Amino acid sequence: MQIASVGTAFPPNKYSQSEIAEALTARWEGNMEEPRLIKRFFANCGVDTRYLVYPLDVYPTLRGFGQTNTAWIDAAVTLAKIAIANALDPLGLTAADISAIFFASVTGIASPTIDARLINLLPFPTHVKRTPIFGLGCVAGAAGIARASDYVKAFPNQIALLLSVELCSLTWQDDDQSIANLISCGLFGDGAAAVVIAGKDAVIPNLSQPGPRVIATQSTFYRDTETVMGWDIGDMGFRIVLSPDVPKVVEKNLLGDATRFLEANNIAISDIGSWIFHSGGPKVLEAMQSTLGLPEDALALSWKSLREVGNLSAASVLCVLEENLSKHRGAPGTYSILAAMGPGFCSELVLLQW
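Fair warning: this is a prediction, and the values are worked out from it, not measured in the lab.

1. Description of the overall build of the protein
Along the protein, the regular secondary structure elements total ten helices and 13 strands. Its C-alpha radius of gyration of 19 Å places the protein within 12% of the 20 Å reference for a compact globule of 354 residues. Taken over the C-alpha atoms alone, the protein extends approximately 60 × 45 × 35 Å along its principal axes. A burial count over the protein gives 58% of its 354 residues as buried. Counting contacts in the protein only where the partners sit at least 6 residues apart, residues at least 24 apart contribute 80% of the total. When the accessible surface of the protein is summed, it comes to about 14600 Å², and 52% of that surface belongs to carbon and sulfur atoms. Averaging the positions of the 25 positive and the 34 negative side-chain charges in the protein gives two centres separated by 3 Å.

If you want it as structure tokens, here you go:
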């Protein structure tokens, strides 16, 4: 089983971090004793630019959970179609070739889910298997690859599609000027990614270069950490839960988890040629790098993704994976680790071999 391709898609509205900071300062200054905090927090997020699903002047007109969630559904379908085409077209595949869809998002709710709505718009098979994933947040990109690889391992002649759409700007809360919300509004962006995971016997017409094979996966749940990250969902929608303890959880657990995982596969940390990590934010990336004792440039692609598009929740690690596939492929036989952490609190590790 292999990761055959990744396709991404972003909304048309691209803004600098300073433009977003200025817009939110003007919008919220009447609710804050120190509006200048917005620019200060935004400057420390490691983000230069972000894509937003709407122009900045539209957001104040969105009222309540119902309106923002409807906006999420409409935009999610549009972006998903583009990401799917960008993943399938280069391989000579269409939606008709997909046997299973795994859909991950944590920024909106729909029933029927987004994947179901796409089946009515694209030629997916009538008997395509659907697995919507909600609530895993930032870890869902890595977890989705793990679950999709489990599927094609069981059905080696089939092809699965992992799709993630995250429209984080639609969760901005006008009545929440907490530090957690200010950091969230400065960190998260909008975007989508689709990944094609093929069984070992699947036929891919235009596969110019084999993608990395999924060798093994590991899911880890950290008990009694549910207050570290997540959402409180109320009448106005999604209110961020974001503890400053996130880096501490990384520092406490990641090295041991990674070491045990690799040892179970007869591999050492020194054998890993590249690290494909979720772009969680500066403190999270720094904690990952220092905890594992990685060289300064080991997470360069994750830092680059954070600067250019922000944290895209589940889709972030998939964007880093796309960059890895297109410009930084490993030499044949080398290993990579794809990893993310998220609400639960939990982690997902995926061992890849090129």
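Next, the rest of the story.
2. Things to note about the state of the cysteines
Tallied over the full model, the rule gives zero disulfides. Not engaged in a disulfide, the cysteine Cys 45 finds its nearest cysteine sulfur in Cys 185; these two sulfurs lie 9.7 Å apart. In this structure Cys 45 comes out as buried when scored by relative accessible area, which is 5%. Considering cysteine sulfurs only, Cys 168 is the nearest to Cys 319, which forms no disulfide, with 11 Å between them.

3. A closer look at the packing of aromatic side chains
Inspection of every chain in the model, using the stated rule, returns eight aromatic pairs. A connected cluster of aromatic rings, assembled from ring pairs, spans Tyr 54, Tyr 59 and Trp 172. Here the guanidinium or amino end of Lys 129 rests over the ring plane of Phe 155, the centre of that ring lying 5.2 Å away.

4. Some thoughts on helix α8 (residues 282-292)
When you tally the buried positions in α8, you get eight out of eleven residues, the bulk of the element. Residues of α8 that are buried include every one of Pro 282, Val 284, Leu 285, Ala 287, Met 288, Gln 289, Thr 291 and Leu 292, and no others. Packing partners of the buried residues in α8 comprise α6 (179-187), α7 (246-264), β11 (272-277), α9 (300-309) and β12 (335-342). With its phi angle positive at about 65°, Gly 293 sits one or two positions after the end of α8.

Rules of the game
Residues numbered from 1 in each chain as written. Predicted model: local features only at pLDDT ≥ 70, side-chain atom pairs only at ≥ 80, totals over all residues. Heavy atoms only, no water. Helix = DSSP H or I, 4+ residues; strand = E, 2+ residues; numbered from the N terminus. Rg over C-alpha atoms; globule rule 2.2 N^0.38 Å. Buried < 20%, exposed > 50% of the residue type's maximum accessible area, 1.4 Å probe, protein only. Contact = heavy atoms within 4.5 Å. Areas by Shrake-Rupley, 256 points an atom, 1.4 Å probe, with all protein chains shown as cover. Lys, Arg positive; Asp, Glu negative; His and termini not counted. Charge placed at Lys NZ, Arg CZ, Asp CG, Glu CD. Disulfide = S-S within 2.5 Å. Phe/Tyr/Trp six-rings, centres within 6.5 Å; stacked < 30°, edge-to-face > 60°. Lys NZ or Arg CZ within 6 Å of the ring centre and 35° of its normal.

Keep in mind these numbers describe shape, not what the thing actually does.
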